[in-house]
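Fold and geometry: a report
Residues per chain are reported as follows:
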Amino acid sequence: MNDREPPGTLAPHIPADLYHRAQTTGRPIVIITGAPPTGRPARTYLIPIVITGACALGLIGTIAAVLALLDYAAHTAAAIAGAAGPIGIGGLTLKLTRPNGK
């Protein structure tokens, strides 16, 4: 049988009759392919940028949460100090807040 496929993975888009005709006549088969890609695909740059952005947003959120907790703690300490009035230990009296009238 002479009707067989070309050997190997030469080019699957070449019809078998064209291949056999080129084999019998001795004419070469010219395969034109596209140029290889010169740059990297955008995905190689996009993934690190997305990961870096997510880390930056997480860090900003963590800092905002810590600052909110510190603000809340400062307000709580001020409220407790204002309600407690002057604190006296032994002979020393310490007034934690300023008087309201002055």
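These remarks concern the structure in this document. (Residues numbered from 1 in each chain as written. Predicted model: local features only at pLDDT ≥ 70, side-chain atom pairs only at ≥ 80, totals over all residues. Heavy atoms only, no water.)

Notes on the overall build of the protein chain
Which entries qualify depends on this criterion: Only DSSP runs of H or I with at least four residues qualify as helices, and only runs of E with at least two residues qualify as strands; both kinds are numbered from the N terminus onward. Relative accessibility under 20% of the residue-type maximum defines a buried residue, over 50% an exposed one, and the middle range a partly exposed one, all with a 1.4 Å probe and only protein chains included. Residue burial considers only the protein chains on display, and all accessible areas are found by Shrake-Rupley using a 1.4 Å probe.
Looking only at helices and strands, the protein chain has two helices and two strands in total. When its helices and strands are written in sequence order, the protein chain yields α-α-β-β. Looking at the 102 residues of the protein chain, the share that counts as buried comes to 7%. Working note: accessible area of the protein chain is about 9,300 Å², and carbon and sulfur atoms make up 66% of it.

Remarks on helix α1 (residues 16-25)
Rules: When we speak of the arc, we mean the arc of directions from the helix axis to the C-beta atoms.
Where α1 is concerned, the buried positions are Ala 16, Tyr 19 and Ala 22. Axial view of α1: buried residues confined to an arc of 130 degrees, hence all on one face. With its phi angle positive at about 85 degrees, Gly 26 sits one or two positions after the end of α1.

Some thoughts on a nonpolar patch on the surface
In plain terms, the rule: For patches, a residue must show more than 30% relative accessible area and have no salt bridge; joins then use 9 Å for like charges and 5 Å for nonpolar side chains, namely Val, Leu, Ile, Met, Phe, Trp and Tyr. Note on definitions: salt bridges are taken to be side-chain nitrogens of Lys or Arg within 4 Å of carboxyl oxygens of Asp or Glu.
Judged by side-chain polarity, Leu 59, Ile 63, Val 66, Leu 67 and Leu 70 come together as a nonpolar surface patch covering roughly 480 Å² of accessible area. Inspection of the secondary structure assignment puts Ile 63 in helix α2 (residues 42-84).

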